[in-house]
Every structure is written in C-alpha cells, then in structure tokens.
Amino acid sequence: MAVRRLAPKELQPASFAFSEENLAWAKGQIAKYPEGRQASAVIPILWRAQEQANGWISEAAIRVVADMLAMPYIRVLEVATFYTQFQLQPVGKKAHIQVCGTTPCQLRGSDALFDVCRHRIHHDPFQISADGDFSWEEVECLGACVNAPMVLIGNDTYEDLTKDSFGKLLDGFASGNPAKPGPQNGRQFSAPIGGITTLKSNGASKTAKPAKEPVLADAEAKMPGAAANTQERPAPKPPAGDATGKKGKKGKTS
Ligand code: FES
C-alpha cells in the first residue's frame, strides 16, 4: 500500500467549484441528513467532486467540500486519504486501473495483470501512460475474491481476468468501447463457469410451476458506471410479525 498524500503543489489547481448541476445534486444529498449531521454526506460529495475533476481530488476540492459540510479541513482530508477509491493526483484520462493484489487474487493470477500494467501503461504505479489515457495502482481486497483476479475501474469491477482478457479490456477503454462490467470469462456472476450444477430442475415437486426466468437474470446486473445501489430489487420482506413489531399468532403457545 502506497503512502497516500496530496499531489505536490505544482499539480494542484488554484481553485475548485462544483458545476451548477453537481451543486444542486450535492445540496440534495446534504438535505437527506438531519441538522447537524451533514458530515455524513462527505463520501458521496467527495466522489462527485472527483468525477467532475477528471478523476482525482485536489486540495482545493477538499476545502470546498469541507466548507459545504461545515467540517474541519483535516476531517475531509482524512476521509480522502483513507479510502483508496479517492485519487489524490492526476490519473489517466480514459481509465485509472486499480488491480487487487491481495492473496486470493494473487493466487489466481494478479501478477500477470500487474505485468500488463507495467508494459502497457507505465512501469510504476500512479504514473500516467505516454498517451495520457491510463494509470494504475495496486490495491487491497475489493471484495470480489470469488471472481479473482479482478480490477476496479471507476464504479465498476471487471472479474475473472486473464492476461489476454485484461489486455482486451484495456483495448476497449482505449477505443471508447469498454466491456460490460463483471466476469470476463462468460460465467454468470459467481456461478460455476459451465453453468449451474445444482437446482437444475424442480422435478421433486410435481405441482410446482417451472420458473419462467433464471433465478439470476443478466438484466439484473448493474449498468456500467451506475452505482450498485441503483439496481432495482424487490422490496425486502418485513421480519416475522407485523409492521408494528407485534408478534404474529404463530408465536403464541397454549
Ligand atoms: S482478494 Fe482480490 S478481491 Fe478479494
């Protein structure tokens, strides 16, 4: 893990201001929290600042976000330097690649992905490629170990990578046609690569109706660039008992 510090002064812009649209969005986020708790909006607002400023957070942006949320500058600096999702120096115009190098990904071939980065982007992490389009870094586990090895680019993870498929992924970003996020070996989410091996039929029940759609539909996958929580899901079922918290009749004993 690299030491996370702000970019040197010569790279820092003199100022930062949210666009009108982003400012309205940020105010909407802040309004979600009770009076005195506006600091809870710091991560989404920093993220929006990063998206607006070509993928990285400047010192000026940190000060603007802190002022909006009535937070000490040091508190926002702590957040920006703690989470590796925030970039603290300029990154490639088309993609900043975060390669997971933690044990499961390493055992499944992340070293080959680092080699691709070193040869195609730059020998060293956090350096921008000669054409200005790409940069890369090593990060710790990103929570997709079952689909190792994987990389995070912006909002999206690309999983089950090999040297070849990772090369094609970079080609896609270079040409402005990035691949669909998720597994790059054809499997559905983290299901077995050859298709499901269990629950293949409901023959045990003659009365059960056959499912019209697979349990996991590709249509449910999030769209590239969209936040994961924008997926449409059925409303969660309430816990046993009714909405008032009273126990249902089944809970009674005689
Ligand atoms: S070890 Fe790479 S995603 Fe968890």
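Just so we're clear, the structure is a prediction, and the values are computed from it rather than from any experiment.

Trainee: How would you sum up the nonpolar core? Please name residues and give values.
Mentor: Residues Ile97, Val99, Leu113, Cys117, Met150 and Val151 are the most contacted members of the largest nonpolar core, which totals 23 residues. Going through the elements one at a time, strand 1 (95–100), helix 6 (110–120), strand 2 (134–139), strand 3 (151–153) and helix 7 (163–174) are the ones with two or more residues in this core. The biggest single contributor to this core is strand 1, with four residues. Apart from residues no more than four positions distant in its own chain, Met150 is found in contact with Cys100, Cys105, Leu142, Ala144, Thr157, Tyr158, Glu159 and Leu161. With 19 residues, the next largest nonpolar core counts Ile57, Val64, Ala66 and Leu69 among its residues.

Trainee: Explain the sheet that holds strand 5 (residues 182–183) residue by residue, including any values.
Mentor: Spatially, 2-1-3-4-5 is the arrangement adopted by the five strands of the open sheet, whose pairing is mixed. Looking at the sheet topology across the chains shown, the edges are occupied by strand 2 and strand 5. In this sheet, strand 4 (residues 156–159) lies alongside strand 3 in antiparallel orientation, the contact comprising three bridges. In the strand pairing of strand 4, Ile153 is matched with Asp156. Packed onto the sheet, helix 6 meets strand 1, strand 2 and strand 3 and runs at close to 150 degrees relative to strand 1.

Trainee: An account of the packing of helix 1 (residues 20–30) against helix 2 (residues 42–52) is needed here, citing residue identities and associated values.
Mentor: Helix 2 packs onto helix 1 with a crossing angle of 170 degrees between their chain directions and a minimal axis gap of 10 Å. The orientation of helix 1 with respect to helix 2, classified from their angle, is roughly antiparallel. Two secondary-structure elements touch here, helix 1 through Asn22, Trp25, Ala26 and Gln29 and helix 2 through Pro44, Ile45, Arg48 and Gln52. Considering only residue class, the contact of helix 1 with helix 2 consists of four nonpolar, three polar and one charged.

Trainee: Before we move on, can you summarise the packing of helix 3 (residues 59–68) against helix 4 (residues 73–82) with the specific residues and values?
Mentor: Direction vectors running N to C along helix 3 and helix 4 enclose 120 degrees, while the axes themselves pass 9 Å from each other. When the axis of helix 3 is compared with that of helix 4, the two are oblique. As helix 3 packs across helix 4, the resulting crossing turns out to be right-handed. Between helix 3 and helix 4, the residues in contact are Ile62, Arg63, Val65 and Ala66 and Tyr73, Arg75, Val76, Leu77 and Ala80, respectively.

Trainee: Break down unusual backbone geometry for me, citing the residues and quoting the values.
Mentor: Of note, the bond from Ala148 into Pro149 is cis; its omega dihedral lies within 30 degrees of zero at -5 degrees. In this fold, Pro149 is placed in the loop between strand 2 and strand 3. In the Ramachandran plot, Ala70 falls in the positive-phi region, its phi being about 55 degrees despite a non-glycine side chain. Mapped onto the secondary structure, Ala70 falls in the loop between helix 3 and helix 4. Even without a glycine there, the phi angle at Leu199 is positive, about 55 degrees. Checked against the element boundaries, Leu199 lands in the segment after strand 5.

Basis of the calculations
- Residues numbered from 1 in each chain as written.
- Predicted model: local features only at pLDDT ≥ 70, side-chain atom pairs only at ≥ 80, totals over all residues.
- Core = buried A, V, L, I, M, F, W, Y, C linked by C-beta atoms within 7 Å.
- Buried ≥ 20, exposed ≤ 12 C-beta atoms within 10 Å, placed from the backbone.
- Helix = DSSP H or I, 4+ residues; strand = E, 2+ residues; numbered from the N terminus.
- Contact = placed C-beta atoms within 7 Å.
- Pairing = 2+ DSSP bridges.
- Axes fitted to C-alpha atoms, helices over the stretch in contact; angles between N-to-C directions.
- Parallel < 35°, antiparallel > 145°, perpendicular 65-115°, else oblique.
- Nonpolar A, V, L, I, M, F, W, Y, C, P; charged D, E, K, R; others polar.
- Left-handed = near helix turned anticlockwise from the far one by under 90°.

Just geometry here; none of it tells us what the structure is for.
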